[in-house]
Amino acid sequence: MWRGLWTLAAQAARGPRRLCTRRSSGAPAPGSGATIFALSSGQGRCGIAVIRTSGPSSGHALRILTAARDLPPARHASLRLLSDPRSGEPLDRALVLWFPGPRSFTGEDCVEFHVHGGPAVVSGVLQALGSVPGLRPAEAGEFTRRAFANGKLNLTEVEGLADLIHAETEAQRRQALRQLDGELGHLCCGWAETLTKALAHVEAYIDFGEDDNLEEGVLEQADVEVRALEVALGAHLQDARRGQRLRSGAHVVVTGPPNAGKSSLGEGAGPSRKPVSIVSPEPGTTRDVLETPVDLAGFPVLLSDTAGLREGVGPVEQEGVRRARDRLEQADLILAMLDASDLASPSSCNFLATVVASVGAQSPSDSSQRLLLVLNKSDLLSRKGPGPRPDLPPHLLLSCLTGEGLDGLLEALRKELAAVCGDPSTGSPLLTRARHQHHLQGCLDALSHYKQSKDLALAAEALRVARGHLTQLTGGGGTEEILDIIFRDFCVGK
Ligand SMILES: Nc1nc2c(ncn2[C@@H]2O[C@H](COP(=O)(O)OP(=O)(O)OP(=O)(O)O)[C@@H](O)[C@H]2O)c(=O)[nH]1
Ligand SMILES: [K+]
Ligand SMILES: [Mg+2]
């Protein structure tokens, strides 16, 4: 039962997985006028494969492959026989879709061929396309790059698309979809507009300040708007770490005295996978930090099993304890585990007095660590006998042996992770990348210069810098290097 639950909740031990191959180089900037083509669905045998083209020769290519004088109706699926233009040999009977620009994904003329997914069909159609003059294979991310260049997607939406393609958990998918839908971009545009207005007020004052016919209170109005913006930016920046955790995984560290059953928690990583850590009745079994990426209740988590904390042991175990303490410091969420039948032992008391007490004493803020106290081996508690110590902080009872209490633990983890990562189905859009944080912070810094500057020209310049950061966030002033970094995350055909 317990294995099943963990598997269900935590599709554990998944190494980094890519849905398709990526090129290390970024795509060349668009505008070369070439028409590109690529397989856009996954590699390998499949029911249907989608091949697409983008560029001015798309319609020509479609006519050549379907040996037709006319193009099919726009944006409708039409069944056509595709043949090799060089030999006239039939390749496949396929659905074709014609998307004349600008109403297409890239904004250019696009064609989609939905062919039967056998490797021979796919390579036959790709070769046929390659033989059409003006067509060449697409580079990694080139379709998306063209969409960006043609104003179909802004930079945060491009990032959302990249994240959506690589999303492995439900929460990641929800967050990526929201970003792809443009929520973060809209927010930034709204903020940038506020700054444009404030700037207009300040500039009006510089130009006409001496005149009587300028409305009264223009500068005060600008100040009020900037202050409100500062508050909004501050709130989003506070959220930034949560968004990044959601994108790259929250650190959950399992800790406790030796033999509490810490490694047993990860033991049920799934029937097809070997257990992550060694479980044994011998205290001090785990020495290294064992990190496993898991999907925990829909949240991406890096789960670390660590050595049991105790003093007075040999040098190897001591090193394990040192590593465990190091890892504990990086934890977003600490899963503190004790043996419920052994709460009076010195190692349990010491653990409660140090680790549990110190985290409990932190004032709750976004940056502070969170802790879940779990009393394992509840199966060893006698039914009538005395329950666990009454002075214990809030805790959950669990038995890794029987699986009892796992549902409760999972639910508690889900709540904690929603707090640690932010819940992408509610609340404000999360900043998922350091780049977002950098620009919002830059904007906020510039606004503080605005407030401090006595000189109106300097104040106006500060507003311009602040606005510049927001436009860079959505890609208005993005440099080529930033674009290269972002598009590198895409695969060929995207
Ligand atoms: N009765 C009972 N035994 C358990 C339970 N969970 C784990 N055990 C046993 O407790 C012993 C220690 O389990 P481990 O998972 O190795 O404990 P650990 O905390 O990782 O130990 P170290 O790595 O040595 O610190 C093993 O013999 C497990 O089978 C439980 O819920 N009930
Ligand atoms: K052990
Ligand atoms: Mg262990």
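Reading guide: rules and limits
- Residues numbered from 1 in each chain as written.
- Chains lettered and ligands numbered in written order.
- Predicted model: local features only at pLDDT ≥ 70, side-chain atom pairs only at ≥ 80, totals over all residues.
- Heavy atoms only, no water.
- Helix = DSSP H or I, 4+ residues; strand = E, 2+ residues; numbered from the N terminus.
- Buried < 20%, exposed > 50% of the residue type's maximum accessible area, 1.4 Å probe, protein only.
- Contact = heavy atoms within 4.5 Å.
- Areas by Shrake-Rupley, 256 points an atom, 1.4 Å probe, with all protein chains shown as cover.
- Salt bridge = Lys/Arg side-chain N within 4 Å of Asp/Glu carboxyl O.
- Pairing = 2+ DSSP bridges.
- Axes fitted to C-alpha atoms, helices over the stretch in contact; angles between N-to-C directions.
- Phe/Tyr/Trp six-rings, centres within 6.5 Å; stacked < 30°, edge-to-face > 60°.
- Lys NZ or Arg CZ within 6 Å of the ring centre and 35° of its normal.
- Donors = N, O, S within 2.8 Å, 3.2 Å for Na, K, Ca; no water.
- Near = heavy atom within 4 Å.
- Polar contact = N/O pair within 3.5 Å; in protein donor to acceptor, adjacent residues only side chain to side chain.

Q: Please set out the overall build of the protein residue by residue, giving values where relevant.
A: Tallying secondary structure elements over the protein gives 16 helices and 12 strands in all. Going through the 494 residues of the protein one by one, you find that 47% of them count as buried. Here the contacts in the protein between residues at least 6 apart in sequence split such that 70% fall between residues at least 24 apart. Counting every atom, the protein has about 23,200 Å² of accessible surface; 54% of that belongs to carbon and sulfur.

Q: So what about the pattern of salt bridges? Which residues, and what values?
A: Overall, the coordinates contain 22 salt bridges when judged by the stated rule. Residue E311 pairs with R325 through a salt bridge whose shortest N-O separation is 3.1 Å. Of the two residues, E311 sits in the loop between β9 (299–305) and α11 (315–330) while R325 sits in helix α11, which places them 14 residues apart along the sequence. Look at E311 and you get exposed, because its relative accessible area is 57%. K377 is the partner of D339 in a salt bridge, and the nearest nitrogen-oxygen pair spans 3.5 Å. With D339 in strand β10 (residues 333–339) and K377 in the loop between β11 (370–376) and β12 (396–397), the pair connects residues that are 38 residues apart, well separated along the chain. With a relative accessible area of 23%, K377 lands in the partly exposed category. If you follow the salt bridges from partner to partner, you end up with D288, E319, R322, R323 and D326 in one network.

Q: Report on the sheet that holds β11, specifying residues and quantitative values.
A: Hydrogen bonds along the backbone pair up the strands of a sheet, which may run parallel or antiparallel. With respect to topology, 6 strands assemble into an open sheet ordered β8-β9-β7-β10-β11-β12, the strand pairing being mixed. One side of each edge strand has no neighbouring strand; the edge strands of this open sheet are β8 (290–296) and β12. Those strands touched by helix α13 (residues 406–421) are β7 (250–255), β8, β9, β10, β11 and β12, and its axis lies near 170° from that of β11.

Q: Can you lay out the packing of aromatic side chains for me, pointing to particular residues and giving the numbers?
A: Scanning the model with the defined rule gives 0 aromatic pairs in all. A cation sits over an aromatic face here: R52 above F143, 4.5 Å from the ring centre.

Q: Pulling in residues and values, what's your account of the coordination of the potassium ion (ligand 2)?
A: In this structure, N259 (OD1), S280 (O), E282 (O) and T285 (OG1) serve as the protein donors to the potassium ion (ligand 2), at separations of 2.5 to 2.9 Å. Within one chain, the residues serving as donors to the potassium ion (ligand 2) are arranged as N-x20-S-x1-E-x2-T. Separating the potassium ion (ligand 2) and the magnesium ion (ligand 3) is a distance of 5.0 Å. When its relative accessible area of 52% is taken as the criterion, E282 is described as exposed.

Q: Please give an account of the site of ligand 1 that cites residues and values.
A: The full set close to ligand 1 counts 23 residues, and K262, S264, G284, T285 and D379 are the nearest of them. Note that an oxygen atom of ligand 1 is positioned 2.8 Å from one of the side-chain N or O atoms of T286. A distance of 3.4 Å is found between an oxygen atom of ligand 1 and a backbone nitrogen or oxygen belonging to G308. Look at ligand 1: alone it shows 650 Å² of surface, and the protein chains cover 88% of it. If you tally residues by element for the shell around ligand 1, the top one is helix α10 (residues 262–267), at 3 residues.

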